[in-house]
Structures are given as C-alpha cells and as structure tokens.
Amino acid sequence: MLKERSFFREELPINVITAHIEEYPIHFHDDLEVVYVLEGSVGLKNGYYNYILKQGDIFILNDREIHSFTKTDEDNMVMMLQMDLSYFSNYYGNLKNNFFVTDMHDDDESLDVLRNILGRIMMEVLEKGYGYEHKVIESTHNLLACLLSDFQYFAMDDGKYINETKNKSNKVLAGRLRRITDYMYENYTRKLTLNEIADREHLSIYYLSHVIKEATGLSFQDLLSFIRVEESEKLLLGTNKKVGAISEEMGFSAVRYYIKHFKTWFEMHPQEYRKKYTDRPNNRETMAKYIRCSPQEIEDAIRKQVKGVYSEYIKGKKPDPVIVELDIQSALEERTTEQLFIGNLLERDNMKPIARPYNLMKSLKETALKSGSNYIITTSSQNPKEINSISILVYNINDFIKKDLQSAENREKIYEISSQYDEEGEFLIKCQGLAGDFNVSRYKISKKNIVTAYQEGLRAPGVASKRETLISSWSTLPDVEFSSITTSEALSIRSTMKGISAEIILIDRQ
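Quick notes on the rules
- Residues numbered from 1 in each chain as written.
- Predicted model: local features only at pLDDT ≥ 70, side-chain atom pairs only at ≥ 80, totals over all residues.
- Heavy atoms only, no water.
- Helix = DSSP H or I, 4+ residues; strand = E, 2+ residues; numbered from the N terminus.
- Contact = heavy atoms within 4.5 Å.
- Areas by Shrake-Rupley, 256 points an atom, 1.4 Å probe, with all protein chains shown as cover.
- Expected span 1.5 Å × (residues − 1).
- Bend = angle between axes of the 7 residues up to and from the residue.
- Buried < 20%, exposed > 50% of the residue type's maximum accessible area, 1.4 Å probe, protein only.
- Phe/Tyr/Trp six-rings, centres within 6.5 Å; stacked < 30°, edge-to-face > 60°.
- Lys NZ or Arg CZ within 6 Å of the ring centre and 35° of its normal.
- pLDDT = per-residue confidence, 0-100.
- Arc of directions from axis to C-beta.
- Core = buried A, V, L, I, M, F, W, Y, C linked by side-chain atoms within 4.5 Å.
- Axes fitted to C-alpha atoms, helices over the stretch in contact; angles between N-to-C directions.
- Parallel < 35°, antiparallel > 145°, perpendicular 65-115°, else oblique.
- Left-handed = near helix turned anticlockwise from the far one by under 90°.
- Nonpolar A, V, L, I, M, F, W, Y, C, P; charged D, E, K, R; others polar.
- Patch = residues over 30% accessible without salt bridge, like charges linked within 9 Å, V, L, I, M, F, W, Y side chains within 5 Å.
- Salt bridge = Lys/Arg side-chain N within 4 Å of Asp/Glu carboxyl O.

## Notes on the overall build of the chain
Part 1 of the argument: On a plain count of helices and strands, the chain comes out with 19 helices and 16 strands.
Part 2 of the argument: Sequence-distant contacts, at least 24 apart, represent 75% of the contacts inside the chain between residues at least 6 apart.
Part 3 of the argument: Of the roughly 25900 Å² of accessible surface on the chain, a fraction of 48% belongs to carbon and sulfur atoms.

See below:
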C-alpha cells in the first residue's frame, strides 16, 4: 500500500518502532516521522532523492512525503518515531505547514540534542513504568521544540515560503511534491489532468511527469488511480454501497477500470475484499518487512549512541533510595505548638490502599518528628534525654500514583491502579540519638496484599468457594517480623518495597 495509516493509542499520540529493516516499500502517511539509525546503515528514498543513512544519522520525513527503505550490505537497527499531527497541532498551530530538515553532514550540537531526546523516548517506552505516557509526551514536546528551533526549513504562510536556508532546490522540490499529492487527494473524485497540475506548478508536462515517476515509481495516471482505489476502501468496508456506485463516486469512468486497478493494488476483487475485511480492516498484511528489536538490543544500542541517557535509564530502573537523616534529640527540642500529628499528615494525602497501616499508625496518637512525601517518623517520648520509642511509616507511591488514587472514583479504579504499578522503592532511615537495646517490630503490607483485598472486594458474593475465600484471606495478611538490636547513638533502618505497599516499623527500648 502506498498510503500507510498510523493508529495511535488514545493516551499516547506517538508510535515508536525500533527494528531491523529488510524492506519497507514506497509509502507515505499523514504524520511527522523521525528516523534515527542506531546501528549499521539503511537506504532511504525520499521523493526524488536517494540517501544512505548511517549510524547516528537522523532524518525527518514530513507528512505526505513519499518514501521507502531498503537494506544495504550491512545489518541495521532503525528507530522510526511517528507523531500524530492532529494532536500536536493543538499546541503548535501551524505545525502541518512546517517543513523540517536535518543536515546529516553538519554534526552540530543540535543533532546531539535530538539524539538525546530520541534515546530518552526509547528508554521511556521500554521501561513502561506507571505514568510513562506523560513522560513520553513531554519528551516529544521537547523534540518538537528542538525541531522548531533548529531544524525548521520553511513554513508555508499563504502559499509563500519563509525562513529559507540552504539546499534550496532540493527542499523546494520536496515541498512541490507534497503540494502535488495533497492536491490530488483533494480532487481525485473529479476529472483531474496532468495539464491542470502542470499549470498550477508552472512546469512543463514532461518535467512534471518525470518528477512524479521518479518520486513514486508511478505514472501520473497510475498514481491517480491508486489514490482513488485507496480512498474507496473506506466506502467498501464502511458502507453497503454497490461496487458500481463506489467506482463512480471515486472518479472512475467505468467500473471495469475500478476493478482492474483495485486488483492491481489489493490483489483481489472489491467484493472479495469487502467480504474478507469488513469490520476488521486492520488485519490487512503490511508489505513492510522488518524484525522488531528486543529490549536488550535497544538498550545496548542506546548505551553506545547516547551514553548519558542510558546511564539515566539504568539509574531510573531502580530509583534512588530515600535517605532520611534524623537527629531525634534535636527534633524533640525544636518542636513547636504547630507540630503536626500523624493523623493530620496522612489525611492530607488520603492514601486509600494503605488505609490499614495508616489507621494503625494514627491510633498511636504520636507527634511527628520528621516527614516527607513517602515517610513519616513519630515518637511518644516527650523528653529529649529519655527516648524510649520511635515509629516509622514508609510507603511506596510516586506522584503520578498519588494523584490518580486521590481522584479514583471507585474500588474498580483503585484495583486497576494498584495492579499496574510495579516500581521499586528503597528507604534508609538514619536515626541519631538512640543508644541501648531495642526491639524492632515490622508490619508490612505488600502490593499482593492490597491487590488481593481489592479483588476480593469486587467479587460477587457466593462466587468463590469456601476454600478459595480462605486462601484469598491468607493473601491479604501482612508480613509481621520481630527482632532486636543494640545501638550506640545511631540506628539505621532499611525498608524495600515493590508496587503500592507500606511498612510500619516500631522501635522500642527493652
């Protein structure tokens, strides 16, 4: 197929394919595409011109630019990022009329910035942590900002070209090809001639015919027939109109010509195609031949190409530990009448899935010594010189999760959020001012405990057997551990978690 349709998820207006390309026949789409060669080389035909893209090269394919990829004599790994222009045009009004060009022979800092952003997007897509869509969209906005700032060749404004720079003849020809195909798509239903387009472009018929043939591999008439056939698919699969009526509506002079050209491109009669693909047009086989890269292959390539991004990604796969340093005596001495109690702090965040440890911690009615976004430390002691106990609550919830939980309207939504979140958290609490022998009691509620509890709450009464109910109830029970420790002025407490989870740690003098 010449025209390729991109299907974007509702919450993610970009597609990222990282693959070893064998062959990608001539096609175009209505989206902006950024091509980044991670390894080896690949042949690119873009309109009238042929390129060999090598490792590190970035090429911008503007919307409706006709292009194809071919394999060279060496293996390749290519990232193809497509942006939904209908989405991003809401933020950049004239985006569809912008034209971007990267000069592959001028390896300046701006290209390094592009490589960095593209590497970051690949890592974010690979990681797929909770809320990763927000990060990918934000990175794509940064990508567009870079393109608009450093790689914008010209913008069409009332039919005029502005901001022209180098390689003028090549880029004007590329812009001309876009105008020609746009015009053909807008007018294919009526009689359309090569003379009419040649007059519009102020070109000779011979030269225009040569340009179209070089760019698409098709004659003008074959390209027009293809456009009519391609557009007829919507009526063929989406309506009950007869083939003859569709043929006439698409601009064919006779139904036999429509059937002939339809068979050329779809390799079957329109009626057979309708029967095979009605209600499932996305099942058509693509003519592109490529093998998607494994996550490990992509990681290795990014490590070589964009080292800083890879380092951040590896670091991000296991977040930095939350390290809390607390001088207990100083904290007690500096307390004021405005010191918040544990209940006030936790009710502010309203963390529904950790209600059980929250309520237990609240029942102690202790005074907070120190708190952060994921922890709170309290004590029942009033005398800085006689510290007999401290209590610690840590919970593994990031800002995205916190926001979604606070707006969750029902148990189903909380269950969905809790099931998806899988990030790890590590806490190290360093307490200065504790000396002596202490008992340490731990109460940990894990992601499994929380997910099982919500799953049980959503199950209809009487559905599960008594044995199943008993087993599920065991799965909701938290882990409880007891130990003892001897300290001399300093005590370090470490907690690790995965997914939505929480732990209360009680330290009491023996």
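## A short note on helix 7 (residues 220-238)
What sets the pattern is the α-helix's 3.6 residues per turn: residues three or four places apart point alike.
Part 1 of the argument: Here helix 7 is 19 residues long and its end C-alpha atoms lie 28 Å apart, about the 27 Å a rise of 1.5 Å per residue gives.
Part 2 of the argument: Maximum bend of helix 7: about 25 degrees, positioned at S232.
Part 3 of the argument: Helix 7 sits mainly inside the fold: 15 of its 19 residues count as buried.

## Description of the packing of aromatic side chains
Part 1 of the argument: By the definition in use, this model includes nine aromatic pairs.
Part 2 of the argument: Both rings, one in Y87 and one in Y91, keep their centres 5.5 Å apart while their planes meet at 50 degrees; by these two values the pair is tilted.
Part 3 of the argument: The exposure class assigned to Y91 is partly exposed, which follows from its relative accessible area of 48%.
Part 4 of the argument: Ring centres of Y258 and F262 lie 5.8 Å apart, and the angle between their planes is 70 degrees; on these two criteria the pair is classed as edge-to-face. Here F262 and Y258 lie together in helix 9 (residues 255-266), a separation of four residues that amounts to about one turn.
Part 5 of the argument: With relative accessibility at 0%, the residue F262 sits in the buried group.
Part 6 of the argument: Three or more aromatic residues joined by ring pairs form one cluster here, namely F252, Y258, F262 and Y273.
Part 7 of the argument: For the cation-ring pair, R200 lies above Y183, with the distance from its terminal atom to the ring centre recorded as 3.9 Å.
Part 8 of the argument: Geometry around F252 places R228 over its ring, the cationic atom sitting 5.8 Å from the centre.

## A look at the side chain of H67
Part 1 of the argument: Summarising the element assignment, H67 is placed in strand 5 (residues 67-83).
Part 2 of the argument: The exposure class assigned to H67 is buried, which follows from its relative accessible area of 0%.
Part 3 of the argument: When sequence neighbours within four positions are dropped, the list of residues in contact with H67 reads P25, I26, H27, F28, H29, E33, L44, K45, N46 and L61.

## With respect to the confidence of the model for the chain
Part 1 of the argument: For the chain, per-residue confidence averages 81 on the pLDDT scale, and 85% of positions sit at 70 or higher.
Part 2 of the argument: The least confident element of the chain, judged by mean pLDDT, is strand 8 (residues 160-162) at 41; the most confident is helix 8 (residues 243-250) at 94.
Part 3 of the argument: Segment residues 154-169: pLDDT under 50, and 31 contacts once partners within four positions in sequence are set aside and those in other chains are kept.
Part 4 of the argument: In the predicted structure, residues 281-285 sits below a pLDDT of 50 and forms nine contacts with residues beyond four places in sequence or in another chain.

## What to know about helix 5 (residues 194-201)
Part 1 of the argument: When helix 5 is considered as a whole, its buried residues turn out to be L194, I197, A198 and E201. Mapping the buried residues of helix 5 onto a view down its axis gives an arc of 100 degrees, with all of them on the same face.
Part 2 of the argument: Where helix 5 terminates, the next one or two residues include H202, which has phi positive at roughly 60 degrees.

## Description of the nonpolar core
Part 1 of the argument: I14, M79, L81, M83, I121, L143 and L147 are the most contacted members of the largest nonpolar core, which has 39 residues in total.
Part 2 of the argument: Counting only elements with at least two residues in this core, the list comes to strand 1 (14-27), strand 2 (32-46), strand 4 (58-61), strand 5, helix 1 (85-88), helix 2 (109-127), helix 3 (132-150) and helix 11 (295-305).
Part 3 of the argument: Looking at this core, the element that brings in the most residues is helix 2, giving eight residues.
Part 4 of the argument: Counting residues in hydrophobic clusters, the runner-up holds 35 residues, among them L203, I227, L236 and I246.

## Some details on the packing of helix 7 against helix 10 (residues 270-277)
Part 1 of the argument: At a minimum axis separation of 9 Å, helix 7 and helix 10 run at an interaxial angle of 60 degrees. Between helix 7 and helix 10, the angle falls in the class oblique. Pair helix 7 / helix 10 crosses with right-handed handedness. Mapping the contact onto sequence places E233, L235, L236 and L237 in helix 7 and P270, Y273, R274 and Y277 in helix 10.
Part 2 of the argument: A per-class count over the contact of helix 7 with helix 10 returns six nonpolar, no polar and two charged.

## Remarks on a nonpolar patch on the surface
Part 1 of the argument: On the surface, L470, I471, W474 and L477 cluster together to form a nonpolar patch covering roughly 440 Å² of accessible area.
Part 2 of the argument: Mapped onto the elements of the fold, L477 is located in the loop between helix 19 (466-475) and strand 15 (479-498).

## Quick notes on unusual backbone geometry
Part 1 of the argument: With a phi close to 60 degrees, H202 is a non-glycine residue in the positive phi region.
Part 2 of the argument: Within the secondary structure, H202 sits in the loop between helix 5 and helix 6 (205-216).
Part 3 of the argument: Taking relative accessible area as the criterion, H202 reaches 72% and is therefore assigned exposed.
Part 4 of the argument: The backbone of K365 shows a phi angle near 55 degrees, a positive value even though the residue is not glycine.

## What to know about the environment of L360
Part 1 of the argument: Looking at the secondary structure, you find L360 in helix 15 (residues 355-363).
Part 2 of the argument: Residues L360 and Y443, spaced 83 residues apart in sequence, show a C-alpha to C-alpha distance of 10.0 Å.

## With respect to the environment of I507
Part 1 of the argument: By secondary structure assignment, the location of I507 is in strand 16 (residues 502-509).
Part 2 of the argument: By relative accessible area, I507 is classed as buried at 0%.
Part 3 of the argument: When the C-alpha atoms of I507 and S391 are compared, they prove to be 6.3 Å apart, with 116 residues separating the residues in sequence.
Part 4 of the argument: Setting aside anything within four residues of it in sequence, one finds I507 in contact with N388, S389, I390, I392, F438, N439, V440, L491 and I493.

## So, the environment of C146
Part 1 of the argument: Counting through the fold element by element, C146 comes out in helix 3.
Part 2 of the argument: Sequence separation between C146 and S110 is 36 residues, and the spatial gap between their C-alpha atoms is 7.6 Å.
Part 3 of the argument: Setting aside its immediate chain neighbours within four residues, C146 contacts S110, V113, L114, I117 and F151.

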